[in-house]
2 protein chains.
Amino acid sequence: MTTIKDVARAAGVSVATVSRVHNGSPLVTEATRRRVRKVAVRLGYSPHAAARSLSSKKTNVIGVLLPDLYGEFYSELIRGVDQCAQQRGFHLLVASSHNERAEIAAAVQSMRGRVDGLIVMSPAPGAHRPVKDLPATFPVLLLGAASPGFDSIAIANEAGAREMVQHLIAKGHRRIAMILGPKENQDAAERFEGYQGALGEAGIEEDAALHVTGDFTDTSGYHAARAILNTSPRATAIFAGNDAMAVGALGALREAGVRVPEDMAVAGFDDIPMSRYTHPPLSTVRVDIAGLGERAAVRLFEAVANHRRHRARREVVPGQLILRASTDSP
Amino acid sequence: MTTIKDVARAAGVSVATVSRVHNGSPLVTEATRRRVRKVAVRLGYSPHAAARSLSSKKTNVIGVLLPDLYGEFYSELIRGVDQCAQQRGFHLLVASSHNERAEIAAAVQSMRGRVDGLIVMSPAPGAHRPVKDLPATFPVLLLGAASPGFDSIAIANEAGAREMVQHLIAKGHRRIAMILGPKENQDAAERFEGYQGALGEAGIEEDAALHVTGDFTDTSGYHAARAILNTSPRATAIFAGNDAMAVGALGALREAGVRVPEDMAVAGFDDIPMSRYTHPPLSTVRVDIAGLGERAAVRLFEAVANHRRHRARREVVPGQLILRASTDSP
DNA sequence: CGTGAAAATGTAACCGATTACATTCTCGAG
DNA sequence: CTCGAGAATGTAATCGGTTACATTTTCACG
C-alpha cells in the first residue's frame, strides 16, 4: 500500500507538500501540484482514513443507531440521512441495536473515534440512556425519544392518530377498534393516546375489548384483525398502529369475506409505499420518512458545525392525513 | 476526552498495561486488571477507534457499496449483511453510488483505511471497474457482476425468469408481454434472456411490441401496463422484471377494469414482502435477499480471514417459483 | 543588484492506540 | 541466601497522516 511518504519521495517533495496538495491548500505552486497529483495517480495513492482522522480529529462519518433494520421504515430513514450526508461528503456507519440497553451502550461506545456525530433512534423510552454517558460536546440527535439537553426530532404521533380517528368518527363509526403497537414502544403509545383522545372528545366510551396488541408486523395485524372480528357488537372500523399491521388486517378481512370499507373500515399510519397498492388502497397518516431522516442529518450537521454554543431543541414533524378507499363511507 | 494515557496515569501503570487489559492479554495480574478496569470506567474511557485501527491495521468495519438505497431490496440486503457482521463484532459502512463510474471510484477510494473489506453491488455491467484498481490483496465481494479474479455472488436471474415464463406458457398463454428493467441493468438483461429462452423453447415467436421498458419502479410498471393494454391482439399475460413494476401494473389493470388473472395474468420477480398482499396476490420468483446479503458477508469474512491463498470463485443462488393467484388459470 | 516581505517548501511534533523489546519482579530450586 | 527462569510491567518505535513553525525561494521595488 502506498503511503504519503512514497508519494513524497517519488515526487521529490516533502510529505507536508503532498498533504497540502491533497487538501487543496493554496500554498502550493501549480507546477508542484500537478507533479504530485500525477505521481499520486501513478502510484495509486489514496490517503489512509484512519491516519487522517487520528490527526485531524474528523472522521467524515456519522453514525446511525437503529433499533432494527427490518422494513421499509428504516430503509427510507437511512436513505434520507444518506442523501444529506453524501452531499457533504460524509459516510454512514449503520448499526442496529435491537433495543437492548446493553447493546446500545456497546454500540455507542464503539462509535468513539469512528464518527463525528450520532443519530440515535430508540423507540423504547429510556433506552437511549447510554447516550448520556457521552461527553456533553459530542453531537447527538435523538429520533423519537426526547431528553432534556439533547436535540431531538419526533413524529406527531398523537395528533396524527387523533385526526385519523376523528375522520372515522365523522364517517359515522362508533365502535372503532385499535391494533396497538408493542407495549414498550413510544410511538405506539402516543398513537394510542391520540386514538383515546379522539374517542373522548366525541363522547364515545372506551371498550377494552377493542384494544388488541400487535408488534408492528403484518402477521400480528392479521391475527389482531381476526380477534376483532369476534367482538360483539362487532367493531365497524379498525385503526392500526402502523401500515404493516393494517396490511395484515386487510388480508384477514378478505379471507373472512368481510368487505372493506362496506363492512369494515381500515386505516393505518406511516404511508409506506405499499399502502397505495393494497386492495382497497389504504387510508393512512403520511409521514415523510426519508424527509425525517434528511432533517435529522441536517440538524446533526448543524450541531457538528457549531460544537460550541449549540442550544439543543426538540422538533416535531406533523403527519398528513391520506384518505383512500379503505375508509370510504359505509 | 480521556485517552489511554489518562487511564495509565490515574491507575499508576504504563499505557502498555492498559492496552493489555483492554485486549484481554493474559500478561496482567488479576489485581492490576481490576484496578485498571475500575479507573477506566470511572474516567469513562473508551478506546479511540481511529488510533486503534491505525496501529493494528484492522478497522472492524466492512463497507457496503450499493447503487441506491431505495426500496425493500436494498434494506433487506443490508439487514442480511448486518446480521452476519454484528455477530462478528463488525460495523457496516454504507454508501450509495447511484451507479456512476466516477462516484463508485470515489467511494472505493474513500474506503481505504476505513474498512477491512468491501461488498460491491453494481448492476450496470462494468461499473465495478474502479474496484480493480484496489490492491489485489484487498478483500472484495461483488454482488451481481462477475469479474475474473474476484469473488462474486449472483442471483439466477435467467433460470428464474425462464421458469416463470414456462409456467405462464403451461397455463396456456401465448402472447406474453414483458416489462423490462433499465437498459444498463444486468439483472434486467438476464431476466429478459430467460423470458426469450422460454418463448423460444416453446416455439413462440417474439413480438417486439410486447417488450416495454421500465426502470424497476412501480410507476414505470403502471405506465408499461397501460401500453401493453393497447397491443393487438392484446397480450394475455405480463411478466414484469421485478415485483415493484408488477405492483404498478396491477394498479393500472384494476383502473382499466381488467380482471387478474381472468383477463390478464401477472407475474413478478423478487418476492418483496408486499407481493403477498397485493390483489390478487402476486406470483413471483422468490429471492432470499437477506440470505443473499448474509451469504455475501460470510464469503467476505472468509476472504478477510484468509487474505493469503484465497481462491476467488463465483456463486449463483437460485430463485424459487412462488405461484399465487395472479397467474391462476384463465 | 540588494533587500525584505510574501510565497513555497521542509522539519518534526503530534494524534492515540499497539507491540517488540527491555527491564524489573517473584519465587522455587540449589 | 543466591540465582535464574518466567511472569509482570515499562519504554519507545510505529502506524500514516496534519500542521505549527522553521527555512528557503521568489520577486517587486528602491
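Reading the values: the criteria
- Residue numbers here run from 1 along each chain, matching the order of that chain's written sequence.
- Here chains are named by letter from A upward and ligands by number from 1 upward, in the order in which they appear as written.
- Only residues with pLDDT of 70 or above have their local features reported here, since the model is predicted, and side-chain atom pairs are shown and tallied only from 80 upward, although totals for entire chains, interfaces and linings are computed over all residues.
- Note on contacts: each residue gets a C-beta atom placed from the backbone, and two residues are in contact if those atoms are within 7 Å.
- Only DSSP runs of H or I covering at least 4 residues are called helices, and only runs of E covering at least 2 are called strands; the numbering of each starts at the N terminus.
- Ten residue types, Ala, Val, Leu, Ile, Met, Phe, Trp, Tyr, Cys and Pro, are classed as nonpolar, four, Asp, Glu, Lys and Arg, as charged, and the remainder, Gly among them, as polar.
- One bridge is not enough; two strands pair if DSSP finds at least two bridges between them.
- As used in this record, a residue near a molecule or strand is one whose C-beta atom, placed from the backbone, is within 6 Å of it.
- Any residue with 12 or fewer other C-beta atoms within 10 Å of its own C-beta is exposed, any with 20 or more is buried, and the rest are partly exposed; the C-beta atoms used are placed from the backbone.
- Looking down the strands as they point away from you, a crossover is right-handed if its path from the first strand over the helix to the second goes clockwise.
- To get an axis, fit a line to the C-alpha atoms, keeping to the stretch in contact for a helix; angles then go from 0 to 180 degrees between the N-to-C directions.
- Note that the term roughly parallel is reserved for angles under 35 degrees, roughly antiparallel for angles over 145, roughly perpendicular for angles of 65 to 115, and oblique for everything else.
- For any pair of crossing helices, the crossing counts as left-handed if the nearer helix is rotated counterclockwise from the farther one by less than a right angle, and right-handed if it is rotated clockwise.
- Each residue after the first adds 1.5 Å to the expected span of a helix.
- When the copies are overlaid, the least-squares fit takes in C-alpha atoms only where the residue has pLDDT of at least 70 in both copies.

Turning next to the interface of chain B and chain A. Contacts between the two partners involve 38 residues from chain B and, on the opposite side, 38 residues from chain A. Of all the secondary-structure elements, those providing two or more residues to the side of chain B that touches chain A are α4 (49-56), α5 (72-87), β2 (91-96), α6 (101-110) and α10 (243-255) of chain B. Looking at the side of chain B that touches chain A residue by residue, the class counts come to 18 nonpolar, 14 polar and six charged. Looking at chain direction, strand β2 (residues 91-96) of chain A and β2 of chain B are connected through three bridges and run antiparallel. Residue pairing for β2 of chain B: Val94 of chain A is matched across the bridge by Leu92 of chain B.

Not every one of the 27 residues close to DNA strand D is listed here, only the nearest: Ile4, Ser19, Ala51 and Ser55 of chain A together with Ala16 of chain B. Listing elements by their share of the surface near DNA strand D, those giving two or more residues are α2 (15-22) and α4 (49-56) of chain A together with α2 (15-22) and α4 of chain B.

So, about the pairing of strand β1 (residues 61-66) of chain A. All names here are of chain A. Across the six residues that make up β1, a large majority, six, are buried. Burial of the side chains of β1 extends over both faces: Val61, Gly63 and Leu65 are buried on one face and Ile62, Val64 and Leu66 on the other. Relative to β2, β1 runs parallel, the two sharing six bridges. For Gly63, the partnering residue across the bridge sits in β2 and is Leu93. With helix α5 (residues 72-87) bridging β1 and the parallel β2, this β-α-β connection has right-handed handedness. Across four bridges, the pairing between β1 and strand β3 (residues 117-121) is parallel. Counted as the bridge partner of Gly63 is Leu118 from β3.

Before going further, it helps to examine the protein's contact with DNA strand C. As a matter of local geometry, DNA strand C sits amid 27 residues, with Ala16 and Ser55 of chain A together with Thr3, Ile4 and Ser19 of chain B nearest to it. Of the residues contributing to the surface near DNA strand C, the split by class is 13 nonpolar, twelve polar and two charged.

Looking now at the packing of helix α1 (residues 4-11) of chain A against helix α3 (residues 30-43) of chain A. All names here are of chain A. In contact at an axis separation of 9 Å, α1 and α3 are set at 125 degrees when each is read in the N-to-C sense. The angle between α1 and α3 falls in the class oblique. Classified by chirality, the crossing of α3 by α1 is right-handed. Across the interface between the two elements, Asp6, Val7, Ala10 and Ala11 from α1 touch Arg35, Val36, Val39, Ala40 and Leu43 from α3. Of the residues belonging to the contact of α1 with α3, the class tally is seven nonpolar, no polar and two charged.

The next thing to look at is α10 of chain B. Residue and element names in this part refer to chain B. Taking 1.5 Å of rise per residue, the 13 residues of α10 would be expected to cover 18 Å, and the 18 Å separating its terminal C-alpha atoms lies within 8% of that figure. Most of α10 is tucked away: ten of the 13 residues are buried. When α10 is considered as a whole, its buried residues turn out to be Asp243, Ala244, Met245, Ala246, Val247, Gly248, Ala249, Leu250, Gly251 and Leu253. After α10 finishes, the residue Gly257 shows a positive phi value of roughly 75 degrees.

Right, let's talk about the sheet that holds strand β6 (residues 176-180) of chain B for a bit. Residue and element names in this part refer to chain B. What the four strands build is an open sheet, ordered β7-β6-β8-β9; its pairing is parallel. Looking at strand neighbours, the two that pair on one side only are β7 (211-213) and β9 (265-267), the edges of this open sheet. Neighbour to neighbour, the strand axes of the sheet diverge by 20 degrees on average, direction disregarded. Against the sheet, helix α7 (residues 157-170) makes contact with β6, β8 (237-240) and β9, and its axis sits at roughly 175 degrees relative to β8, the strand it touches most.

Another point: the packing of α2 of chain B against helix α3 (residues 30-43) of chain B. Residues and elements named next belong to chain B. Across the interface, α2 lies against α3 with an axial gap of 10 Å and an inter-helix angle of 90 degrees. When the interaxial angle is binned, α2 and α3 end up roughly perpendicular. Facing Thr17, Val18 and Val21 of α2, the residues of α3 in contact are Thr32, Arg33, Val36 and Arg37. Residue composition of the contact of α2 with α3, by class: three nonpolar, two polar and two charged.

Okay, the relation of the copies chain B and chain A next. One chain copy maps onto the other through a rotation about an axis and a shift parallel to that axis. Mapping chain B onto chain A calls for a rotation angle of 180 degrees and an axial translation of 0.1 Å; the resulting RMSD is 0.2 Å. On this basis, the relationship between the two copies can be described by a two-fold rotation axis. Looking at the interface residues of chain B, 100% of them are also at the interface in chain A, so both copies use one shared face.

In this section: unusual backbone geometry. Glycine aside, negative phi is the norm for most residues, and most peptide bonds take the trans geometry. With an omega of -5 degrees, the peptide bond between His279 of chain A and Pro280 of chain A qualifies as cis. Structurally, Pro280 of chain A is set in the loop between β9 (265-267) and β10 (284-286). Following Ser232 of chain B, the chain continues into Pro233 of chain B via a peptide bond in cis, with omega recorded as -5 degrees. Within the fold, Pro233 of chain B resides in the loop between α9 (218-229) and β8. You will see that Phe216 of chain A, though not glycine, has its phi angle at about 75 degrees, which is positive. Topologically, Phe216 of chain A is positioned in the loop between β7 (211-213) and α9 (218-229). Given 25 C-beta atoms within 10 Å, Phe216 of chain A falls into the buried group. Positive phi values are uncommon outside glycine, yet Asp270 of chain B reaches one of about 125 degrees. Residue position: Asp270 of chain B is located in the loop between β9 and β10 (284-286). Residue classification places Asp270 of chain B among the buried positions, given that 29 C-beta atoms sit within 10 Å.

Purely spatial values, then, with no claim about function.
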